[in-house]
Amino acid sequence: MTWRVSTCLLPGMAALILCLSPALHAEFVLEVEANGELEGAVVTATPRDADIPRPPLPQEALMVQANRQFDPFILPVPIGVPVRFPNRDDTAHHVYSFSPIGAFELPLYKGESPRTITFSKPGVVPLGCNIHDWMIGYIYVVDTPFYTQITNNSARFASLPPATYDVSIWHPAIADLPVPSWQVAVSQADDRQTLHLGYPFAEVTQPKPPAERFDEQWDY
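My aim in this report is to walk through the structure given alongside it, one point at a time.

Reading the values: the criteria
Residues numbered from 1 in each chain as written. Predicted model: local features only at pLDDT ≥ 70, side-chain atom pairs only at ≥ 80, totals over all residues. Heavy atoms only, no water. Buried < 20%, exposed > 50% of the residue type's maximum accessible area, 1.4 Å probe, protein only. Helix = DSSP H or I, 4+ residues; strand = E, 2+ residues; numbered from the N terminus. Pairing = 2+ DSSP bridges.

Structural notes on the pairing of strand S17 (residues 181-186)
Move 1: Side chains of S17 alternate between two faces, with Trp182, Val184 and Val186 buried and Ser181, Gln183 and Ala185 left unburied.
Move 2: Both strand S16 (residues 163-170) and S17 contribute to a ladder of six bridges, which runs antiparallel. Across the sheet, residue threonine 164 finds its bridge partner in S17, namely alanine 185.

Rendered as structure tokens:
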């Protein structure tokens, strides 16, 4: 099955068009024309039927520090999956978050993070580094095993069992706006639906690191 998303009504205003066909486990392809504003956005599909079979969750997730940036900029993580923060730079980092769903701090370190972090509630976890102010990243904690991200204006679910889903999108560009969500019934052939993200939003991208200082190679 393919869900196709296309058209940009106005700059920053996208229309999502879904085309469905039945399958025991359906492929879900989402194509978005929104001038790149939603690159890396997390797309979730939450089944309304609690008996829908769930795929296994990953054993862990990685939020890497590399080239004095967080990689990836946005990391989706299911509730209960531990997150490691390996530092691939020669400089030390001090990772922290003040998120109400799971504030934490990893004091100055190089190499592997001193511990993993596990979140028990869904929501947004903004990340920073106490040493490098431009380092900004996001963990988006999800409460469904059906999730993916938009890359080059498209996102793909490898498989979805036929069911009714609440489909939602999150990105820092729309973080201060109502989270767009839609109810989608994945059950019948040739079902075609148009879902509108009907408000403008400003582009949000990952800040670039400044030129490396000579003293950073020695400490931070």
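So, unusual backbone geometry
Move 1: With an omega dihedral of 10 degrees, the bond running from aspartate 71 to proline 72 counts as a cis peptide bond.
Move 2: Relative to the helices and strands, proline 72 resides in the loop between strand S7 (69-71) and strand S8 (74-78).
Move 3: Backbone geometry at arginine 68 places phi at a positive 55 degrees, although glycine is not the residue there.
Move 4: Within the fold, arginine 68 resides in the loop between strand S6 (64-66) and S7.
Move 5: Relative accessible area serves as the criterion here: at 8%, arginine 68 is assigned to the buried category.

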